[in-house]
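# Chain and residue survey
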Protein chains: 2
Amino acid sequence: MNFNPGSVGVVAPQSIRFDAPLGLSSGAAIAGYSLTIETYGTLNADRSNAVLICHALNASHHVAGVYADEPAEVGWWDNMVGPGKPVDTDHFFVVGVNNLGSCFGSTGPMSIDPGTERPYGASFPVVTVEDWVNAQAQLADVLGITRWAAVMGGSLGGMQALSWTIQYPDRIAHCIAVASAPKLSAQNIAFNEVARTAIRSDPDFHGGNYYAHATVPRRGLRVARMIGHITYLSGEDMAEKFGRAMREADYQFHYEIEFEVERYLRYQGDKFSEYFDANTYLLITRALDYFDPAKSTGGDLVAAIAPARAKFLLVAFTTDWRFPPARSREIVEALIDNGREVAYAEIDAPHGHDAFLLDDMRYHRVVRAYFDNIAREIDA
Amino acid sequence: MNFNPGSVGVVAPQSIRFDAPLGLSSGAAIAGYSLTIETYGTLNADRSNAVLICHALNASHHVAGVYADEPAEVGWWDNMVGPGKPVDTDHFFVVGVNNLGSCFGSTGPMSIDPGTERPYGASFPVVTVEDWVNAQAQLADVLGITRWAAVMGGSLGGMQALSWTIQYPDRIAHCIAVASAPKLSAQNIAFNEVARTAIRSDPDFHGGNYYAHATVPRRGLRVARMIGHITYLSGEDMAEKFGRAMREADYQFHYEIEFEVERYLRYQGDKFSEYFDANTYLLITRALDYFDPAKSTGGDLVAAIAPARAKFLLVAFTTDWRFPPARSREIVEALIDNGREVAYAEIDAPHGHDAFLLDDMRYHRVVRAYFDNIAREIDA
């Protein structure tokens, strides 16, 4: 098997079981649960080189490398994590974790509820970013990691990294939040709500208990993903990639695919609806809606972030209209007001929100330089 | 009955029948059709004071005033059209027309196909902005209007006004296009495609022949309208109107309404799905997609607009991210390159695309001043 230079190579997920109940923000508790993880690199003797990578809406623990039986399924942040890459697995022990409620192996709505011996479905509790971080802290305990060298994520992943600094200030040395925000805007919530409405109003949704009906609300998932994709790309990027390019030389005067952008969206929607769980889509978008650390401090982000002791790198992309640079700057300013150390890079990139996943030399150089400094701190 | 100052008062629609077949851009023809119209003010003796108002996606011929039996149903541009208003019905004879394929009285997918004696449904031909303008020209013939003093519209309505100047350069003296664009961007098309997918994948759509099944694809229409509303408002406006305001004092941890913005979108979606025809939604969004006068000139808008002889007023709104000012400026520049007279106002308004429908003193003063000049030209 050939790997890209810097690939972590063939990897395998592990499932970690937690038998103690986990109390949730909602007041509910989950009796016991599993998290699926992957690790790359080697934990050093004093366990000081561990980096946690948090995923966003549709990603998973599979951050880097490939599976032996699925060589095309490259990890979602493989350009970022690997030997010699910005998050260098020759220096760091990197952990990818699938969050509670997701659909890639960790306990979620598709899992069997031990109480009923049927899939949780609609009865799976609503979870929050804070709940995920609490579960990730239990994972850190199992792995023997008292303090992360860094917690890193993009978008919703960045929110988890930020929440780590508030919930467990002594257990995180560095927070790297890329293309993130301190809370969703009304417009962000609105897009989530439309996607959820598409899913919940699909007759195959059956109130979330579609597993029992052997159906999948594919139509709703497809629409949800199409909406998502529009918000992940910038208008400029869509203009550049697709413009008004057509499938045929001239208009066909029908509602099938006329424009390449339609083909792209349909393809993305169809693909997504084949593998993503609809209840997970609801759950994760709701966690996004709810994230608002300043909610408990009367809207005061400076006060909300006050407990943080980590150092920070924030990165934002100029054409990201989902979480524009102004949203990252809100965090930067609240950190500065708290006298915290914060580096901030605003990358002039054309690819909108998706830029956090893409190869961009300037972006990757910033992250690499930051992690090189973390490595030096660890070695010192 | 009390009217707002400047209201045209109680109005009544009329239906105008056209028996001659209308050839369409697609190559198809419609055997005969009706257009529903309203008129306000009085046509002067030399028929030189007629103004045509063109509607966008979900509006109609009901531009101003109220119906005797529906006093709450005020026309969609009532703040613009009436005695003493920017388009002053004391001076102008104003015509509102429901376009071919729409669902407010003119012949459209809900109408009975004389060939089958059943509703057209999916068999209603795809129509274009150019087809609408051709039908409007037939209407002008019936009304005895050789040349419009002005054709005016916002958004898609502005596209019709622009198309008049190209298709019938001798029959339009002034073109007023507000919050418009010379063609859709890839992102614009993408939003339309998601809305259409929501409608077409609703099981109640039945391939467009839902009338025969006594169903309405309400779920799809609801999602389509919710998406639309997000694009009509600016992010700033949504933040101002809703922010993260919640229905209850604290999170309820469910997928029902938590945030006021969710309530707003659901309300708008529900209301729309009660009155709007799904096939019309497809047809009008497709007409939007297809509009591109420069398509026949190899993408050269300057060449496409060269036939125009009208004078122009273009208005755009700073926070309109659906058709931002840059899109209006493309038209302005193409007109300048053709040596045409063009006035352009860029209004610093917070309300996004919807601003074209709202009261805004600066916007209305620009339109009023422009129409005052038209009135002087007519009187001269």
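Here, the structure is the one placed above.
Residues numbered from 1 in each chain as written. Chains lettered and ligands numbered in written order. Predicted model: local features only at pLDDT ≥ 70, side-chain atom pairs only at ≥ 80, totals over all residues. Heavy atoms only, no water.

Turning next to the pairing of strand β13 (residues 311–317) of chain A. All names here are of chain A. Of all 7 residues in β13, 6 are buried; the element is thus mostly enclosed. In terms of strand pairing, strand β12 (residues 174–178) meets β13 through 5 bridges, oriented parallel. Its bridge partner lying in β13, His174 is registered against Lys311. What joins β13 to strand β14 (residues 342–347) is helix α9 (residues 325–337), and the crossover it makes is right-handed. (Buried < 20%, exposed > 50% of the residue type's maximum accessible area, 1.4 Å probe, protein only. Helix = DSSP H or I, 4+ residues; strand = E, 2+ residues; numbered from the N terminus. Pairing = 2+ DSSP bridges. Right-handed = clockwise from strand over helix to strand, strands pointing away.)

A word on the interface of chain B and chain A. Accessible area lost upon the coming together of the parts is a frequently used measure of interface size. The interface of chain B with chain A comprises 55 residues on the first partner and 54 residues on the second. Summed over the shared surface of chain B and chain A, the number is 12 salt bridges. Between Lys295 of chain B and Asp250 of chain A there is a salt bridge whose closest N-O contact spans 2.5 Å. Linking chain B with chain A are 34 residue pairs in polar contact (both at pLDDT 80 or more), by the criterion used here. If you list the elements that add at least two residues to the side of chain B that touches chain A, you get α3 (186–200), α4 (218–232), α5 (235–241), α6 (260–275) and α7 (278–290) of chain B. (Contact = heavy atoms within 4.5 Å. Salt bridge = Lys/Arg side-chain N within 4 Å of Asp/Glu carboxyl O. Polar contact = N/O pair within 3.5 Å; in protein donor to acceptor, adjacent residues only side chain to side chain.)

Turning next to the sheet that holds strand β1 (residues 14–18) of chain B. Residue and element names in this part refer to chain B. The mixed open sheet is built from 8 strands, whose spatial order is β1-β4-β8-β5-β11-β12-β13-β14. Bordering the open sheet on either side are β1 and β14 (342–347), each of which pairs with just one other strand. Neighbouring strand axes in the sheet, compared pairwise and without regard to direction, differ in orientation by 20 degrees on average. Looking at chain direction, β1 and strand β4 (residues 33–40) are connected through 5 bridges and run antiparallel. Each residue of the ladder has a partner; that of Ser15, found in β4, is Thr36. Across the sheet, helix α10 (residues 361–379) lies against β5 (50–54), β11 (150–154), β12 (174–178), β13 (311–317) and β14, angled at about 175 degrees from β13, the strand it touches most. (Axes fitted to C-alpha atoms, helices over the stretch in contact; angles between N-to-C directions.)

Bringing the environment of Leu335 of chain B into the picture now. With respect to the helices and strands, the residue Leu335 of chain B is situated in helix α9 (residues 325–337). For the pair Leu335 of chain B and Ile305 of chain B, spaced 30 residues apart in sequence, the C-alpha separation works out to 6.9 Å.

With the rule as written, the count across this model stands at 46 salt bridges over all chains. Residue Arg244 of chain B pairs with Asp292 of chain A through a salt bridge whose shortest N-O separation is 3.4 Å. With Arg244 of chain B in the loop between α5 and α6 and Asp292 of chain A in the loop between α7 (278–290) and α8 (301–305), this residue pair bridges two chains. Each member of the pair, Arg244 of chain B as well as Asp292 of chain A, carries the same accessibility label: buried.

With that settled, the discussion passes to the relation of the copies chain B and chain A. For the pair chain B and chain A, the best superposition has an RMSD of 0.0 Å and corresponds to a rotation of 180 degrees with a translation of 0.0 Å parallel to the axis. Seen this way, the second copy is the image of the first under a two-fold rotation axis. Both copies present the same face, since 98% of the interface residues in chain B are matched by interface residues at the equivalent positions in chain A. (Least-squares fit on C-alpha atoms with pLDDT ≥ 70 in both.)

Residues and elements named next belong to chain A. In the contact formed by helix α4 (residues 218–232) and helix α6 (residues 260–275), the axes pass within 8 Å of each other and the chain directions differ by 130 degrees. Compared by their axis directions, α4 and α6 come out oblique. Read as a crossing pair, α4 and α6 show a hand that is right-handed. Along its contact with α4, which presents Arg218, Leu221, Arg222, Arg225, Met226, His229 and Ile230, the element α6 presents Tyr264, Leu265, Arg266, Gln268, Gly269, Asp270, Phe272, Ser273, Glu274 and Tyr275. Tallied by class, residues from the contact of α4 with α6 come to 7 nonpolar, 4 polar and 6 charged. (Parallel < 35°, antiparallel > 145°, perpendicular 65-115°, else oblique. Left-handed = near helix turned anticlockwise from the far one by under 90°. Nonpolar A, V, L, I, M, F, W, Y, C, P; charged D, E, K, R; others polar.)

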